[in-house]
Amino acid sequence: MLQIKNLHASVDGKEILKGISIDVKPGEIHAIMGPNGSGKSTLANVLAGHEKYEVTEGEIFFEGENLLELAAEERARNGIFLSFQYPIEIPGVSMVNFLKTAVNEHRKHKGLEPLTASQFLKLMEEKKKVVEISSQLTNRSVNEGFSGGEKKRNEIFQMAMLEPKLAILDETDSGLDIDALRIVAKGVNTLKSPHNATIVVTHYQRLLEYIVPDYVHVLYNGKIVKSAGKELALELEKKGYDWIKNES
Amino acid sequence: MTEQDKILDTVTKQEYKYGFVTDIESDTIEKGLNEEVVRLISAKKQEPQWLLDFRLKAYRKWLEMKSPNWAYLKIPSIDFQDIIYYSAPKQKKQLNSLDEVDPELLETFNKLGIPLEEQKHLAGVAVDAVMDSVSVKTTFKETLAERGIIFCSFSEAVREYPDLVKKYLGNAVPYADNYFAALNSAVFSDGSFCYIPKGVRCPMELSTYFRINAANTGQFERTLIVADDDSYVSYLEGCTAPQRDENQLHAAVVEIIALERAEVKYSTVQNWYPGDKNGKGGIYNFVTKRGICRGDFSKISWTQVETGSAITWKYPSCVMLGDHSTGEFYSVALTNNHQQADTGTKMIHIGKNTRSLIVSKGISAGVSNNSYRGLVKVASRADKARNFSQCDSLLLGDKCGAHTFPYIECSNKTAILEHEATTSKISEDQIFYCNQRGIGTEDAIGMIVNGYAREVLNKLPMEFAVEAQKLLQISLEGSVG
């Protein structure tokens, strides 16, 4: 589904990613772990197509298509979803209007008719249950006045609405209390299928107790220094990142 | 240039949609302005002596006045002798039915989305269509007449209801008020007149659609709205003009009189031709709009969405004379490319317990300059006057300007006046967030700008709000990319 080959990327001329290769197949969950500043969020943003990040070398293919040739909105319509570490507030734009526009852009891309208002509201009611999000939130402006936890839940709610093939969760666990974490994880697991894949970017293995990865990659200083099964997360938790730093 | 500026630089370039010219024979007078021209306009309209006298007084006053230079605008000098002051599409003298309106004219208004055939028209909106110097057609007149509501062209009002016109003309905007109001008072050609009798709630939106068509012609229309005791009316105004390389002058006057407990809502979507990307052409829009809340508990509310014109100089104001009266001003002003806008309001508190609210949202893109200028004045007898002002500016890109000039003159210690102001930029992160959900950049900016202006757009009547939203988006196309 997703092939990242020798990816190098920089921000403002500073190289952050220094040759990353990952292969993600449908149905898989990959966890990207690593200390602060290792390049985890950069990787997430490069995949989503943020223009601030410049790809200097390497290739990314998504379902056989060269991802680097696509603008961010085209990648999104092709099925890539990024759950933001810091979801953005858009004052005055209602969640309903925002999501309706997004959903209908996705439908247009697939050659489907746009949803009518009532069909859309029905879909929203259905998906709200997945993340136990209240109507109070969906009636407000996008992320405006949401608490940290509410913002993260709102990200997973949008994911449920858009049904991506590849979901990238960037530090979705940060700022969540244990109950919210459970709800978010439950949402992600409910949306899981043999046809879609998930990349979980996280500091801690805590989230991985709820969203169990097939592979764990440790990112350090812009490179993947270790890849293994889910047990690697536990080992990291025990030994800390210094262990990896010393090894590399 | 940063990535964001590149984006913003590319999203503001759609062509002006209403730039076409109608090929129609016009009755046009010679260029230039002098007392004879004033007399000629009055004669063409077969006006009574008192109205000619009003015009002549205004003309003589205008000659003594100077063009205002206090606004934050670069105004090229206007050659008033190079302007045609009267141009009317030629049509048969008396229109008894729509069949007699020139099809070319009907087609023009159809193209503008303003069908004049009543059965085709948006339910619940009566329209007075004004092209160049004359009113072409007023719809739903009979329906309104059943309730005693007068809605007709200004010329017709002068003929049919001279007493009403004479009583209220110049009440809110005296002929000597300012340079452009004096000019208008001298040469105004047509416009709309509206009278809502005592206790009547106008059952539909009334609207005037102004269209400049003829070249080298100034448009000087005059609107007078009188709401008698306990009445209510919501009034809409729209405007467009062909795309031309030379600038055209539009100097209108709108007067509103609200009597005891009357309420008037006046909404404008101003979309005059703004000039091209390089600042060539476009309308110079110098407009005086003022309402007087004469009766106790009366209310006047201005809502404007200003997206057009090369230069906008406009301050819809409220004079709160009656006790407990209310004035409101909601504004979205968008400037792009080389447009300049200096717009705002004056809230004059004279009666006791008067309240006013100002919500102004400026949006600047391209290399444009957008200024809010507002005065809140509290007279010594205006006990317990209240004002709240909110002035926000949104910048798209780093070559445009947003300016705020709030003035307060308070002569009463019991007044409470509040002013809040913010300036922000559309962030790259907001655009990326929308992109990541599959929404393209132009749509994202349209959405963000509309969200920013929502508080004001919500004040517009439904159909108008939808139009205004589209307009904001279109006006920004090409400013980002």
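Presented here is an overview of the structure given in this document. (Residues numbered from 1 in each chain as written. Chains lettered and ligands numbered in written order. Predicted model: local features only at pLDDT ≥ 70, side-chain atom pairs only at ≥ 80, totals over all residues. Heavy atoms only, no water.)

A closer look at the overall build of chain B
For clarity, the threshold we go by: Labels follow the DSSP assignment, with helices taken as runs of H or I lasting at least four residues and strands as runs of E lasting at least two, numbered in each case from the N terminus. Here the term buried applies to any residue with accessible area under 20% of the maximum for its type, exposed to any over 50%, and partly exposed to those in between, with areas from a 1.4 Å probe on protein chains only. Under the convention used here, a 1.4 Å probe and the Shrake-Rupley method define accessible areas, while residue burial counts only the protein chains that appear.
Across its full length, chain B carries 12 helices and 25 strands. The 481 residues of chain B split such that 63% are buried. Of the accessible surface of chain B, which amounts to about 17,900 Å², a share of 47% is contributed by carbon and sulfur atoms.

Quick word on the packing of helix H9 (residues 428-436) of chain B against helix H10 (residues 441-452) of chain B
Between two packed helices, the angle of one axis relative to the other and the distance separating the axes together describe the packing. All names here are of chain B. What counts is decided by this rule: Every angle, taken between N-to-C directions, lies between 0 and 180 degrees, and every axis is a line fitted to C-alpha atoms, over only the stretch in contact when it is a helix. Here the angle decides the label: under 35 degrees means roughly parallel, over 145 means roughly antiparallel, 65 to 115 means roughly perpendicular, and every other value means oblique. Note on convention: near helix rotated counterclockwise from far helix by under a right angle means a left-handed crossing. Clockwise means right-handed. Contacts are assigned to residue pairs that have any heavy atoms within 4.5 Å of one another.
Between H9 and H10, whose axes approach to 9 Å, the crossing angle comes to 120 degrees. The angle between H9 and H10 falls in the class oblique. Of the two elements, H9 crosses H10, and the hand of that crossing is right-handed. Residues Gln430, Ile431, Cys434 and Asn435 of H9 lie in contact with H10, whose contacting residues are Thr441, Ala444, Ile445 and Ile448.

So, the interface of chain A and chain B
This is how it is decided: Two parts placed together each lose some accessible area under a 1.4 Å probe, and the buried area is that loss summed for both. Any carboxyl oxygen of Asp or Glu that lies within 4 Å of a side-chain nitrogen of Lys or Arg is treated as forming a salt bridge with it. Definition of a polar contact: a pair of N or O atoms within 3.5 Å, with one able to donate and the other able to accept a hydrogen when the atoms are protein atoms, and with sequence-neighbouring residues admitted only if both atoms are side-chain atoms. For this scheme, ten residues count as nonpolar: Ala, Val, Leu, Ile, Met, Phe, Trp, Tyr, Cys and Pro. Four count as charged, namely Asp, Glu, Lys and Arg, and the remainder, Gly too, count as polar.
The interface is formed by 34 residues belonging to chain A together with 21 residues belonging to chain B. Carbon and sulfur atoms supply 61% of the area that chain A and chain B bury against each other, a total of about 2,200 Å² over both sides. Linking chain A to chain B there are one salt bridge. Among the salt bridges present, the one from Glu155(A) reaches Arg437(B), with a minimum N-O distance of 2.6 Å. Across the contact surface, chain A and chain B share 11 residue pairs in polar contact (both at pLDDT 80 or more). For the side of chain A that touches chain B, the secondary-structure elements that each account for two or more residues are helix H1 (40-48), helix H2 (72-77), strand S6 (80-83), strand S7 (90-94), helix H3 (95-109), strand S8 (141-142) and helix H6 (148-162) of chain A. With six residues, the single largest contributor to the side of chain A that touches chain B is H3(A). Considered class by class, the residues forming the side of chain A that touches chain B number 16 nonpolar, 11 polar and seven charged.

Some details on the sheet that holds strand S11 (residues 215-220) of chain A
All names here are of chain A. The condition is simple: At least two DSSP bridges between two strands are required for those strands to pair.
Ordered in space as S6-S9-S10-S3-S11-S12, the six strands form an open sheet in which the pairing is mixed. Two strands bound the open sheet, and with one partner strand each, they are S6 and strand S12 (223-228). When the angles between neighbouring strand axes are averaged without regard to direction, this sheet yields 20 degrees. When S6 meets strand S9 (residues 166-170), the two strands line up parallel, connected through four bridges. Looking at S9, one finds that Ser83 is bridged to Leu169.

Here's the deal with the packing of aromatic side chains
For the record, the criterion: A pair of Phe, Tyr and Trp rings is counted when the ring centres sit within 6.5 Å of each other, with Trp represented by its six-membered ring. The angle between the planes then sorts it: under 30 degrees is stacked, over 60 is edge-to-face, the rest tilted. Counted as over-ring charges are cases with an Arg CZ or a Lys NZ within 6 Å of the ring centre that also lie within 35 degrees of the ring normal.
Under the criterion given, the structure shown has 21 aromatic pairs over all chains. Taking the centre distance of 4.8 Å and the plane angle of 65 degrees together, the rings of Phe84(A) and Tyr433(B) count as edge-to-face. Taken as a pair, Phe84(A) in the loop between S6 and S7 and Tyr433(B) in helix H9 lie in two separate chains rather than in one. A ring pair is formed by Phe54(B) and Tyr175(B), whose centres lie 6.1 Å apart and whose planes are at 75 degrees; its orientation type is edge-to-face. Linking Phe54(B) in helix H3 (residues 49-64) with Tyr175(B) in the loop between helix H7 (162-168) and helix H8 (179-187), this pair joins segments that are 121 residues apart in sequence. A relative accessible area of 10% places Phe54(B) in the buried class. Overall, Tyr175(B) belongs to the partly exposed group, its relative accessible area being 24%. Members of the aromatic cluster, connected to one another through ring pairs, are Tyr59(B), Trp62(B), Trp70(B), Phe80(B), Tyr179(B), Phe180(B), Phe286(B), Trp313(B) and Tyr315(B). Over the face of the ring belonging to Phe188(B) we find Arg55(B), whose NZ or CZ atom lies 4.2 Å from the ring centre.

Digging into the packing of helix H4 (residues 117-130) of chain A against H6(A)
All names here are of chain A. It is at 9 Å that the axes of H4 and H6 come closest, and there the two elements cross at 125 degrees. What the angle tells us is that H4 and H6 run oblique. Seen from above, H4 lies across H6 with right-handed handedness. For the pair formed by H4 and H6, the contact residues are Phe120, Leu123, Met124, Lys127 and Lys128 on the first element and Phe157, Ala160 and Met161 on the second. Across the contact of H4 with H6, the residue classes break down as six nonpolar, no polar and two charged.

Considerations on the nonpolar core
This is how the line gets drawn: Within this scheme, the nonpolar core is defined by two criteria: the residues are buried Ala, Val, Leu, Ile, Met, Phe, Trp, Tyr or Cys, and they are joined through side-chain atoms within 4.5 Å.
With 113 residues, the main nonpolar core has Leu2(A), Ile4(A), Phe98(A), Leu166(A) and Ile199(A) as its most contacted residues. If sequence neighbours within four positions are ignored, Ile4(A) has contacts with Ile20(A), Ser21(A), Ile22(A), Leu43(A), Leu47(A), Glu59(A) and Ile60(A). Membership of the second largest hydrophobic core comes to 35 residues, among which are Met65(B), Ile84(B), Tyr86(B) and Tyr315(B).

Function-wise, these values are silent; they only describe arrangement.
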